[in-house]
Amino acid sequence: MKNLKTNYMGLELKSPLILSSSGLSKKTNNIITAEENGAGAIVLKSLFEEQINYMSEAALFNSIDYPEAADYIKNYSRHNSLNEYLDLIKTSVKAVKIPVIASINCISDTEWEGFAAEIEKAGAHGLELNMNVFHYDYELSSAQIEQKYFDIIEKVQASTKLPIAIKMGKTFTNLPNFIKQIKFRGIKNFVLFNRFYEPIINIDKMEMTNSSALSYEIDIKQSLRSIAIVKGMMPDLEIAASTGIHNADGAIQLLLAGATGLQLCSVLYKKGLKEFKTINEDISKWMEKNDYTSIDEFRAKLSYANIKDPSIYERFQFIKQVTAIE
Ligand SMILES: Cc1cc2nc3c(=O)[nH]c(=O)nc-3n(C[C@H](O)[C@H](O)[C@H](O)COP(=O)(O)O)c2cc1C
């Protein structure tokens, strides 16, 4: 097996393949199996701000007869959710040698100061910040929405020294500029991209329904282009790809675009955690065939900065392609 070492979030990983935050990463046995099959790191299931609020509101509702107890019950329920999460961090850190990255999903900047500090104390090696600010508020400009992200980031940064990675959604007016503004605040690690819930309409039942939660291998395209562009413009960033990595072919494409980490989720649901082993081996075989001894030798070789004609990553090229079809 070739040397597959990579650096991500300031941590040395023995493989760029990372178990993505999901239902799979809230069970210790999966975390151990992922390590046994060659995962380089684990991102734990997210602690969701909305879930904490929901649980504390539900506890509050059940205590409606005792309004004087309301604050106590709300705080108790909040801390209960957090304590369960801290236990998951502690158990996982003990169970494996690879880095364990905690994940929080925030919608506001109100909750996280204390929580992030507790997560650091529990022994996590890093913190992934998965922000979910509502993007369709008619009254808010893009700049105002982006400010909400900065507010959350600054609050979390003030309460922990852990390396932080920002897990991004796909819908920003100017992604490189937004990332540059986050970088200016001292963050170098990004995950491109999160895969959000996308409802569709069932035309027989005339109702909204879920589309597939799991991705397909063609879904790497947006991460591929964005990573190539962002890494090309800001080479010192450490970027983990997420969405659509189902095999070594997609994984190698993303490394060539400039990824430093590769997060796997859907493929593990579809085929099992042994896919870490298969994909590591297939990356290694490709390296053997192409005379590479380390990932650093070919990472970002085809990024926006390193190809002869970077306009291939731009929309202009797309127009050329469609106008050529008759
Ligand atoms: C069942 C399921 C649960 C997930 N839970 C989380 C989560 O708690 N936090 C998070 O940041 N992402 C979560 N994700 C998103 C994944 O981490 C990942 O970013 C996304 O699925 C795209 O990667 P993929 O194409 O390999 O599935 C979840 C995805 C799935 C399918």
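To be clear, the structure that these remarks concern was listed above.
Predicted model, so just to flag it, every value in this text is computed and none were measured.

Counting residues in hydrophobic clusters, the biggest one holds 84 residues, and the most contacted among them are Ile119, Ile166 and Met168. Element by element, the count of residues in this core is highest for helix 8 (residues 248-257), at 7 residues. Among residues more than four places away in sequence, those in contact with Ile119 are Tyr85, Leu86, Ile89, Ala102, Ile104, Ala124, Leu127 and Leu162. One finds Leu13, Ile18, Ala41 and Val43 within the second-largest nonpolar core, a separate group that totals 11 residues.

Here we come to the pairing of strand 10 (residues 199-202). As judged from the 4 bridges shared by strand 10 and strand 11 (residues 207-210), these two strands associate in the antiparallel manner. By the bridge assignment for strand 11, Ile200 is matched with Thr209.

Neighbouring residues of the ligand: 20 residues in total, closest Ser21, Ser46, Asn130, Ser215 and Ser266. Between the ligand and Asn130, the relevant distance is 2.5 Å, taken from an oxygen atom to a side-chain nitrogen or oxygen of the residue. Within the contact set of the ligand, an oxygen atom lies 2.9 Å away from a side-chain nitrogen or oxygen of Ser242. Compared with its free state, where it exposes 610 Å², the ligand has 88% of that area covered by protein. Its atoms largely coinciding with the cavity grid, the ligand occupies the largest pocket. Broken down by class, the residue content of the shell around the ligand amounts to 5 nonpolar, 12 polar and 3 charged.

With that settled, the discussion passes to the packing of helix 4 (residues 112-121) against helix 5 (residues 142-159). Two numbers describe how helix 4 lies on helix 5: the axes approach to 8 Å, and their chain directions differ by 45 degrees. Put simply, helix 4 runs oblique to helix 5. Helix 5 is crossed by helix 4, and the crossing has right-handed handedness. On helix 5, the residues touching Trp112, Glu113, Ala116, Ala117 and Glu120 of helix 4 are Lys155, Val156 and Ser159. Split by residue class, the contact of helix 4 with helix 5 holds 4 nonpolar, 1 polar and 3 charged.

Reading the values: rules and limits
- Residues numbered from 1 in each chain as written.
- Predicted model: local features only at pLDDT ≥ 70, side-chain atom pairs only at ≥ 80, totals over all residues.
- Heavy atoms only, no water.
- Core = buried A, V, L, I, M, F, W, Y, C linked by side-chain atoms within 4.5 Å.
- Buried < 20%, exposed > 50% of the residue type's maximum accessible area, 1.4 Å probe, protein only.
- Helix = DSSP H or I, 4+ residues; strand = E, 2+ residues; numbered from the N terminus.
- Contact = heavy atoms within 4.5 Å.
- Pairing = 2+ DSSP bridges.
- Near = heavy atom within 4 Å.
- Polar contact = N/O pair within 3.5 Å; in protein donor to acceptor, adjacent residues only side chain to side chain.
- Areas by Shrake-Rupley, 256 points an atom, 1.4 Å probe, with all protein chains shown as cover.
- 1 Å grid on protein atoms, 1.4 Å probe; cavity = no way out; pocket = protein on both sides within 12 Å on 5 of 7 lines; lining within 4 Å.
- Sits in = over half its atoms within 2 Å of the grid points.
- Nonpolar A, V, L, I, M, F, W, Y, C, P; charged D, E, K, R; others polar.
- Axes fitted to C-alpha atoms, helices over the stretch in contact; angles between N-to-C directions.
- Parallel < 35°, antiparallel > 145°, perpendicular 65-115°, else oblique.
- Left-handed = near helix turned anticlockwise from the far one by under 90°.

Read these as spatial facts, not as claims about activity.
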